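Residues per chain, in single letters:
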Amino acid sequence: MNKFIIQGGKKLKGEVEISGFKNAAVAILPASILAEGKVVIENLPNISDTRTLLKILESMNATVIPLGNNTVSIEPAKMKECKAEHDMASGLRASYYFLGAGLGRFHKAKVAYPGGCHIGSRPIDQHIKGFEALGAKVKIEQGMISVQARELKGAKIYLDVVSVGATINIMLAAVKAKGQTIIENAAKEPHIVDVANFLNAMGAKVKGAGTDTIKIQGVKKLGGCEHAIIPDQIEAGTYMIAAAATRGEVLIKNVIPKHLESITAKLIEMDVTIDENGDEIRVKASKRTKSADIKTLVYPGFPTDLQQPMSSLLAISEGTGSITENIFEGRFKHVNELKRMGASIRVEGKVAIIEGVKKLSPATVKASDLRAGAALIIAALSTKGTTEIYEVEHILRGYDRIEEKLQNLGAKIELAEDKEADK
Ligand code: EPZ
């Protein structure tokens, strides 16, 4: 187990390059097994989730060749089946994309029941509803999910809940189904569009990704392709918030400003100066931010993945703000850790009321999940003194070289071994 040791109180200054989008990459890697040819994926973030998925692909006899510069080649031709049973798969939620991709390629797949961040119950009923509508049988036993179909036939599927995962998983199973599939009430996040573009580069016929109705015309064969993953809007938003929390000035490079509109608008409302210029965004906060109210919504609303980092900024902003978490029912585990640092936060159901304090105090805290960990890093950076953050494995799952990127911005942060935990 490792920990971050942070000497906070320094303004972040300089430039940071955003990596490829984790939540696109963790869908595109499993989707690559649909290709009957070589797939080359560029701008792959170097995080433990992608490294795990590449290991799972190799365990299924796909040939994985790292080409350097965040590029990997995957040749799935030698695969005979799609089975991700080992505990590696149960460690991350995205392993469930092997169900849709395995159905599309082999009409069969077996995957360990998904794990991932503990931010709520995270059911998969909509994924199952989609697979069954396409003609698959789904079995859940002994911690494994098995899907199998004699034949996959296109269907009209209305999602009861707007689900990113279910939208993507159904797309992966439908691209080679017979006939047309229509997904209604589909998720519209940028990574849905990225996955659809990847599938279309292989020869799939996916239309309407990015809207709430996606139409997929099944094809017989999908070939190899080359694809560069879009920049990570959540990573970018995290650095934007960190720049504001340390009253610094940071140029954030390799972004798509459109994907960041809700965060940019909220930060401007809080008196942060934001200049967009092509694929770069400059964030500057010379004084204490004003508080604000945030409601998480599906895209293009304020993303649930940034409410935790934002709560650290609200904790030191002027006035009382609130965060209403409308997507996940258990996404306030970071609040107690922030309170140990002197934050004044009250959680009532799905609303966190945050009374800004002048400054937080350093403490020893623990990351409960990926974005909670990011929130604690921001809180630690914002105040003088030494903060230790334990269980950073959660953070390393989703932020590519975060300590190096922060060090380049002037932060005093180091990754150290937590000797206690390893006893
Ligand atoms: C994806 O999770 C992301 N993870 C999450 O990011 C992100 O918070 C979430 O989308 C929302 O944007 C990955 O892409 C790997 P959902 P996912 O299905 O697909 C309910 C991060 O920090 N639901 O859109 O699991 C669900 O309980 C992670 O990077 C059902 O009821 O999210 C939730 O309330 C955390 N039934 C809502 O829908 C289902 O079958 C949205 O979930 C599926 C979901």
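Per chain, residues are indexed from 1 in the order of the written sequence. Totals for whole chains, interfaces and linings use all residues, but because this is a predicted model, local features are given only for residues with pLDDT of at least 70 and pairs of side-chain atoms are given and counted only at 80 or more. Calculated side-chain values reflect all of the structure's heavy atoms, with hydrogen atoms and water omitted.

Trainee: When you look at the overall build of the chain in this model, what are you seeing that I'm missing?
Mentor: Numbering of helices and strands runs from the N terminus; a helix is a DSSP stretch of H or I covering at least four residues, while a strand is a stretch of E covering at least two. Each helix and strand in the chain was counted, giving 14 helices and 24 strands. Relative to the compact-globule value of 22 Å for 423 residues, the chain shows a C-alpha radius of gyration of 21 Å, a close match. Based on the C-alpha atoms only, the size of the chain along its principal axes is roughly 65 × 45 × 40 Å. For every residue, the accessible area obtained with a 1.4 Å probe (protein chains only) is divided by the maximum for its type, and the residue is called buried under 20%, exposed over 50%, and partly exposed between those limits. Scored against the burial criterion, the 423 residues of the chain give a buried share of 58%. Contacts in the chain between residues far apart in sequence, at least 24 positions, make up 74% of those at least 6 positions apart. Positive and negative side-chain charges in the chain, numbering 57 and 50 respectively, have mean positions lying 3 Å apart. Note that the radius of gyration is over C-alpha atoms, with the globule rule given as 2.2 Å times the number of residues to the power 0.38. Contacts were defined at the residue level, with two residues in contact if any of their heavy atoms lie within 4.5 Å. His is not counted, nor are the chain ends; Lys and Arg add positive charge and Asp and Glu add negative charge. Charged side chains are reduced to one point each, which is NZ for Lys, CZ for Arg, CG for Asp and CD for Glu.

Trainee: What's the story with a positive patch on the surface in this structure? I'm lost.
Mentor: Side chains of Lys10, Lys11, Lys13, Arg247, Lys284, Lys358, Lys359, Lys384 and Lys412 sit close together on the surface and give a patch of like positive charge. Mapped onto the elements of the fold, lysine 11 is located in the loop between strand S1 (2-8) and strand S2 (13-17). Classification of lysine 11 by relative accessible area gives partly exposed; the value is 43%. Patches draw on residues past 30% relative accessible area with no salt bridge. Two like charges within 9 Å are joined, as are two nonpolar side chains (Val, Leu, Ile, Met, Phe, Trp, Tyr) within 5 Å. We get accessible surface area from the Shrake-Rupley algorithm with a probe of 1.4 Å; when it comes to residues, only the shown protein chains can shield them. Salt-bridge detection follows one rule: a side-chain nitrogen of Lys or Arg within 4 Å of a carboxyl oxygen of Asp or Glu.

Trainee: Please explain the site of the ligand as it appears in this structure.
Mentor: Each residue is tested against the molecule or strand, and it is near if at least one of its non-hydrogen atoms lies within 4 Å. Residues in contact with the ligand amount to 24 residues; listed here are only the nearest, Arg93, Gln126, Ser163, Asp305 and Ile327. Polar contact is the term for a pair of N or O atoms within 3.5 Å; when the atoms are in protein, one must be able to donate a hydrogen and the other to accept it, and sequence-neighboring residues count only if both atoms are side-chain atoms. Here an oxygen atom of the ligand sits 3.0 Å away from a polar atom, N or O, in the side chain of lysine 22. At a separation of 3.2 Å, an oxygen atom of the ligand approaches a polar side-chain atom of arginine 122. Contributing elements (two or more residues each) for the shell around the ligand: helix H1 (22-31), helix H5 (125-133), helix H6 (164-174) and helix H12 (370-381). The nonpolar class holds Ala, Val, Leu, Ile, Met, Phe, Trp, Tyr, Cys and Pro. Asp, Glu, Lys and Arg form the charged class, and all remaining residues, Gly among them, are polar. Across the shell around the ligand, the residue classes tally to 11 nonpolar, 6 polar and 7 charged.

Trainee: Sorry, what's going on with the sheet that holds strand S8 (residues 137-141) here?
Mentor: Sheet strands pair via backbone hydrogen bonds, and the direction of the pair is either parallel or antiparallel. The criterion for strand pairing is that DSSP finds at least two bridges linking the strands in question. Across the sheet, 4 strands lie side by side as S6-S7-S9-S8; this open sheet has mixed pairing. Edge positions in the sheet fall to strand S6 (83-84) and S8, since each of these pairs with one other strand and no more. One ladder, built from 2 bridges, connects S6 with strand S7 (residues 108-112); its direction is parallel. Paired with alanine 84 across the strands is valine 111, a residue of S7.

Trainee: Is there a simple way to explain the pairing of S8 in this structure?
Mentor: In the sheet, S8 pairs with strand S9 (residues 144-148) via 5 bridges, with the strands oriented antiparallel. Counted as the bridge partner of lysine 139 is serine 146 from S9. Here S8 folds back onto S9, and the loop between the two strands holds 2 residues, one of which, glutamine 142, carries a positive phi near 45°.

Trainee: Explanation requested: H12 in the structure shown.
Mentor: Spacing of three or four residues puts side chains on the same side of an α-helix, whose turn is 3.6 residues. In this model, H12 (12 residues) spans 17 Å end to end at C-alpha, consistent with the 16 Å of a helix rising 1.5 Å per residue. Of all 12 residues in H12, 12 are buried, a share of seventy percent or more. Every buried residue of H12 is accounted for by Leu370, Arg371, Ala372, Gly373, Ala374, Ala375, Leu376, Ile377, Ile378, Ala379, Ala380 and Leu381. Residue aspartate 369 occupies the N-cap position of H12, its side-chain oxygen lying 3.4 Å from the main-chain nitrogen of arginine 371. In this analysis, the expected span of each helix is defined as 1.5 Å times one less than the number of residues it contains.

Trainee: Explain the sheet that holds strand S18 (residues 293-295) here, please?
Mentor: Spatially, S18-S19-S21-S20 is the arrangement adopted by the 4 strands of the open sheet, whose pairing is mixed. Only two strands of the sheet have a single neighbouring strand rather than two, namely S18 and strand S20 (344-348). Averaged over all adjacent pairs, the angle separating strand axes in this sheet is 15°, with direction ignored. The pairing of strand S19 (residues 320-324) with strand S21 (residues 351-355) spans 5 bridges and is antiparallel. Bridge pairing in S21 links threonine 324 to valine 351. Note on geometry: axes are C-alpha line fits, over the in-contact stretch for helices, and angles between N-to-C directions span 0 to 180 degrees. On top of the sheet, helix H10 (residues 307-315) reaches S18, S19 and S21; it is set at about 170° to S19, its chief contact.

Trainee: Hey, could you run me through the nonpolar core in this one?
Mentor: Burial of nonpolar side chains together is a common tendency in soluble globular proteins. Here, nonpolar core refers to any group of buried Ala, Val, Leu, Ile, Met, Phe, Trp, Tyr and Cys residues whose side-chain atoms link them within 4.5 Å. Judged by nonpolar contacts, the single largest core of 146 residues is most densely connected at Ile41, Phe98, Met171, Leu199, Ile252, Leu267 and Ile389. Broken down by element, this core gets its largest block of residues, 9 residues, from helix H8 (residues 233-245). Non-local contacts of methionine 171, meaning those with residues more than four positions away in its chain, are made with Ile183, Ile192, Val195, Ala196, Leu199, Val206, Ile214 and Ile216.

Trainee: Help me out: how do you make sense of the environment of threonine 50 in this one?
Mentor: Counting through the fold element by element, threonine 50 comes out in helix H2 (residues 48-59). For threonine 50, a relative accessible area of 2% translates into the label buried. Through-space distance from the C-alpha of threonine 50 to that of serine 90 is 14 Å; in sequence the pair is 40 residues apart.

Trainee: Explain a nonpolar patch on the surface to me, please; I cannot follow it from the model alone.
Mentor: Together, Val162, Val298 and Ile327 make up a nonpolar patch on the protein surface, roughly 180 Å² of accessible area in all. Position of valine 298 among the secondary structure elements: in the loop between S18 and H10.

Trainee: Please explain the packing of aromatic side chains as it appears in this structure.
Mentor: The geometry of an aromatic ring pair is captured by the separation of the ring centres together with the interplanar angle, meaning the angle of the planes. Planes of paired rings set the category: under 30 degrees apart is stacked, over 60 is edge-to-face and the rest tilted, where pairs are Phe, Tyr or Trp rings (Trp by its six-membered ring) whose centres lie within 6.5 Å. By the definition in use, this model includes 1 aromatic pair. Summarising the aromatic geometry, the rings of tyrosine 96 and tyrosine 97 are spaced 5.0 Å apart at their centres and angled 75° between planes, so their arrangement reads as edge-to-face. Like tyrosine 97, tyrosine 96 is buried.

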